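So you can see what is in the structure, the chains are spelled out below.
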Amino acid sequence: LDRALGALEPDQQRLAADMFDHLVTPSGTKIAHGLGDLAGYAGASRDELRDVLARLSRERIVRPLDERGVDGRFEIFHDVLAGGVLAWRTSYETERELARERTRRRRAVAIATAALLALAAVAAIALYALSQRERVEDEARSARARELTARALGDLTVDPDRNLRLVVEAARLERTRQVEEALRD
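Scoring rules and cut-offs
All residue numbers refer to position in the chain's written sequence, counted from 1. The predicted nature of this model means local features are confined to residues of pLDDT at least 70 and side-chain atom pairs, given and counted, to a pLDDT of 80 or more, with totals for whole chains, interfaces and linings taken over all residues. In computing side-chain properties, one takes all heavy atoms of the structure into account and sets aside hydrogens as well as water. Salt bridges are counted wherever a side-chain nitrogen of Lys or Arg sits within 4 Å of a carboxyl oxygen of Asp or Glu. Under the DSSP-based scheme used, a helix requires at least four consecutive residues in state H or I and a strand at least two consecutive residues in state E, with every element numbered from the N terminus. For every residue, the accessible area (1.4 Å probe, protein chains only) is compared with the maximum for its type, and the residue is labelled buried under 20%, exposed over 50%, or partly exposed between those bounds. Note on pairing: DSSP must find at least two bridges between two strands before they are called paired. The contact criterion used is simple: two residues touch if any of their non-hydrogen atoms lie within 4.5 Å. Lines are fitted to the C-alpha atoms to define the axes, a helix being fitted only along its stretch in contact, and any angle between axes, read from their N-to-C directions, falls within 0 to 180 degrees. These descriptions rest on fixed angle ranges, namely under 35 degrees for roughly parallel, over 145 for roughly antiparallel, 65 to 115 for roughly perpendicular, and the rest for oblique. In this scheme the crossing of two helices becomes right-handed for a clockwise turn of the near helix relative to the far one and left-handed for an anticlockwise turn of less than a right angle. Planes of paired rings set the category: under 30 degrees apart is stacked, over 60 is edge-to-face and the rest tilted, where pairs are Phe, Tyr or Trp rings (Trp by its six-membered ring) whose centres lie within 6.5 Å.

Right, let's get into the pattern of salt bridges. Enumeration according to the criterion identifies 20 salt bridges in this entry. Across the pair Glu 97 and Arg 100 runs a salt bridge, and its minimum N-O distance is 2.8 Å. Residue Glu 97 and its partner Arg 100 are both found in helix H5 (residues 81–154); the two are separated by three residues, about one turn of the helix. The class of Glu 97 is partly exposed, set by a relative accessible area of 35%. Measuring nitrogen to oxygen at the nearest pair gives 3.7 Å for the salt bridge that ties Glu 169 to Arg 144. Of the two residues, Glu 169 sits in helix H6 (residues 160–173) while Arg 144 sits in helix H5, which places them 25 residues apart along the sequence. Given the relative accessible area of 32%, Glu 169 is considered partly exposed. The class of Arg 144 is partly exposed, set by a relative accessible area of 32%.

Shown next, in the form of structure tokens:
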């Protein structure tokens, strides 16, 4: 049974597993079904299932019940095979579910990785924006201090109190050599 089913292509194994679900009851009793019914149960065309049934018939896993051969009704070849068929189908379904779970897990890891990379990119952009904002604020503060210093030094004799207030405000914004000299003047 294992050798015969292992020789099938993966799609054919899927069809056999879906078909076996209806040829053997969970308690191990074999049931006969027609080709059309088995094709419907397996979700396949008659032609796809006909090839699988022909191969399994040659290996004496299933057998046709009438003279119509691969177009008629089929059952498990012998009652003794029912337990083995159930065990193989259970094993096959378990492996198929594990494969689906591995695929889901790989997809989840890929999505999580992409999300982390996107988060890292957003964090880097945010840090860059913050540093640029600080630089712009520093430049604006420096420009304002230079403006106040220049206004204060414009005409020292007209309003010395106003000029002193301007230079003191400039000194609060930025402490440079030019501001110190303006304060002295």
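Strand order in the open sheet made by the three strands is S1-S3-S2, with antiparallel pairing throughout. The open sheet has two edge strands with one neighbour each: strand S1 (33–34) and strand S2 (62–64). Relative to strand S3 (residues 73–76), S2 runs antiparallel, the two sharing three bridges. Opposite Arg 63, over in S3, you have Glu 75 as the bridge partner. Packing against the sheet, helix H4 (residues 46–58) makes contact with S2 and S3, and its axis sits at approximately 105° to S2.

Attention now goes to the packing of helix H2 (residues 10–23) against H5. Put simply, H2 and H5 touch, their axes get as near as 10 Å, and they point 125° apart. Here H2 is positioned oblique relative to H5, judged by the angle of their axes. In this structure, H2 crosses over H5, and the sense of that crossing is left-handed. Every residue of H5 that contacts H2 at Pro 10, Gln 13, Arg 14, Ala 16, Ala 17, Asp 18, Phe 20 and Asp 21 is listed here: Val 85, Trp 88, Arg 89, Tyr 92, Glu 93 and Arg 96.

Moving on, we come to the packing of aromatic side chains. Remark: the centre distance and the inter-plane angle together describe each pair of aromatic rings, the angle taken between the planes. The final tally for this structure, using the stated rule, is two aromatic pairs. Aromatic side chains Phe 20 and Trp 88 sit 5.9 Å apart centroid to centroid with 85° between the ring planes, which places their arrangement in the edge-to-face category. Residue Phe 20 is located in helix H2, and its partner Trp 88 is located in helix H5; the two are separated by 68 residues in the primary sequence. Using a relative accessible area of 12% as the deciding quantity, one classes Trp 88 as buried.

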